Amino acid sequence: MTILTVEGLTKFYGRTQALQEVSLEVPQGSIFGVLGPNGSGKTTLLGIVLDILLASSGSFRWAPGLKRGALLETPNFYPYLTGRENLRIVAELRGRGGDRVGDALAVVGLDSYEAMPFSKYSLGMKQRLAIGATLIGSPEVVVLDEPTNGLDPAGIADVRELIRSLRGEGKTVVLASHMLDEVEKVCTHVAILKKGKVLSQGPLEEVLRDEDRLEVKSDDLEALVQLLQGHPLAPKVQRGDGILAVTFDAGAMKPAELNRYCLEGGQTLSHLVLRKKTLESRFLELTD
Ligand code: ADP
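Residues numbered from 1 in each chain as written. Predicted model: local features only at pLDDT ≥ 70, side-chain atom pairs only at ≥ 80, totals over all residues. Heavy atoms only, no water.

**A few points about the overall build of the chain**
A tally of regular secondary structure across the chain gives ten helices and 13 strands. Along the longest, intermediate and shortest principal axes, the C-alpha atoms of the chain span 75 × 40 × 35 Å. Residue burial in the chain is summarised as follows: out of 288 residues, 47% are buried. By sequence separation, contacts in the chain at least 24 residues apart represent 67% of the contacts at least 6 residues apart. Of the roughly 14,100 Å² of accessible surface on the chain, 49% is carried by carbon and sulfur atoms. (Helix = DSSP H or I, 4+ residues; strand = E, 2+ residues; numbered from the N terminus. Buried < 20%, exposed > 50% of the residue type's maximum accessible area, 1.4 Å probe, protein only. Contact = heavy atoms within 4.5 Å. Areas by Shrake-Rupley, 256 points an atom, 1.4 Å probe, with all protein chains shown as cover.)

Have a look at this one:
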């Protein structure tokens, strides 16, 4: 089931176009990462689907009857009040009883620190409390903008664990991040944004799949293209300058096997090189 459908969202700030025809689908129960460099439109996209910003055109719809919690900007907690007192205030401001405050503190792992003043919290604990505030009212969907920004490695690991545990409770999490590493470690699905456009989206392993690229040459490139396009593993075949780049899933094809396949198909390769691709290079390729 799809929990959020976005269709053709476009957003202009004056003459700046922040989103161009963005369409995506967030499956229920996923951790959906919107991945892109700074300025690619992530916050704008989240702001629109949270009804904080108006789109210039396009539409979106949430599955009906779902409660949402969101963290777009770091909330201003009172430094001298405890974690529990701060969440109580959040609950009251939202017209929710204080009964859920204990649950929220437990989910974010702050129940043993609930009586500590906010000012004494580590950065990671502060961010966990901010995520805890989104859980007041027991939302089924939690939307987080750059949830690990400004955290040290321990804080990042904490928040990552917390996001996983939210999914474990059956919640859907939508998060924006400019860090490939963060998305790769926690997300089940990803949409890659570049300059306001979706470059690619889907299950993480499909979008950021490791690939092996083989470069090949023969005397008859045209015939070689035909032959490779007919390969049962359906590789991606791209033409370069007198050379072909053939992309397979990582580990799916060994150079010697490809060589044999080509020979058997009547093509003698004059050049065959394997170039492994890391997720990092794949991401750079998508966003550069
Ligand atoms: P991201 O969250 O990926 O960093 P943003 O959604 O914040 O991207 O920004 C996308 C683009 O829109 C950027 O070019 C940014 O400068 C521009 N932008 C964002 N907010 C505003 C605003 N309030 N007024 C004008 N331009 C904005």
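Past the structure itself, the notes keep going.
**Digging into the sheet that holds strand S2 (residues 16-27)**
Taken together, three strands build an open sheet; the order of strands is S2-S1-S4 and the sheet is antiparallel. Lying at the two open borders of the sheet, with one neighbouring strand each, are S2 and strand S4 (57-62). Strand after strand, the sheet turns through a mean of 15° between neighbouring axes, direction not considered. Sitting on the sheet, helix H1 (residues 42-49) touches strand S1 (2-13), S2 and S4, and the angle it makes with S1 is about 120°. (Pairing = 2+ DSSP bridges. Axes fitted to C-alpha atoms, helices over the stretch in contact; angles between N-to-C directions.)

**Side note on the domain arrangement of the chain**
The domain boundaries assigned to the chain delineate domain 1 (2-207) and domain 2 (210-287). The C-alpha centroid of domain 2 is placed 40 Å from the C-alpha centroid of domain 1. (Domains from an automatic or database assignment.)

**Looking at the site of the ligand**
Tyr13, Thr16, Ala18, Pro37, Asn38, Gly39, Ser40, Gly41, Lys42, Thr43 and Thr44 make up every residue found near the ligand. Here Gly41 contributes a backbone N or O atom positioned 3.0 Å from an oxygen atom of the ligand. Take Thr43: an N or O atom from its side chain is 2.6 Å from an oxygen atom of the ligand. Protein contact buries 58% of the 560 Å² of open area that the ligand shows by itself. (Near = heavy atom within 4 Å. Polar contact = N/O pair within 3.5 Å; in protein donor to acceptor, adjacent residues only side chain to side chain.)

**Some thoughts on the pairing of S1**
In terms of strand pairing, S1 meets S2 through eight bridges, oriented antiparallel. The partner of Phe12 across the bridge, within S2, is Gln17. Connecting S1 to the antiparallel partner S2 that follows it, the hairpin turn spans two residues, and Gly14 within it adopts a positive phi of roughly 60°.

**Structural notes on the side chain of Lys171**
Examined against the element boundaries, Lys171 turns out to sit in the loop between helix H5 (153-168) and strand S7 (172-177). Buried charged residue Lys171 carries no salt bridge. Nearest counter-charge: Glu169, at 4.2 Å. For Lys171, the side chain forms a polar contact with the main-chain oxygen of Pro139, separated by 3.0 Å. Ignoring any residue separated from it by four or fewer positions in sequence, one finds Lys171 in contact with Gly29, Ser30, Leu135, Ser138, Pro139, Glu140, Val142 and Leu166. (Lys, Arg positive; Asp, Glu negative; His and termini not counted. Salt bridge = Lys/Arg side-chain N within 4 Å of Asp/Glu carboxyl O.)

**Examining helix H2 (residues 83-93)**
Along H2, the residues classified as buried are Gly83, Asn86, Leu87, Val90 and Ala91. Looking straight down H2, one finds its buried side chains confined to an arc of 140°; they lie on one side. In this structure, H2 carries Glu92 and Leu93 as exposed residues pointing more than 90 degrees from its buried face. Close packing links the buried residues of H2 with helix H3 (101-107) and helix H4 (123-134). Positioned one or two residues after H2, Gly95 has a phi angle of 70°, which is positive. (Arc of directions from axis to C-beta.)

**Regarding the sheet that holds strand S6 (residues 141-145)**
Here we have six strands laid out as an open sheet, ordered S5-S6-S7-S3-S8-S9, and mixed in their pairing. Only two strands of the sheet have a single neighbouring strand rather than two, namely strand S5 (68-71) and strand S9 (197-203). Each adjacent strand pair in this sheet contributes to an overall mean axis angle of 10°, direction not counted. Those strands touched by H4 are S5 and S6, and its axis lies near 150° from that of S5.

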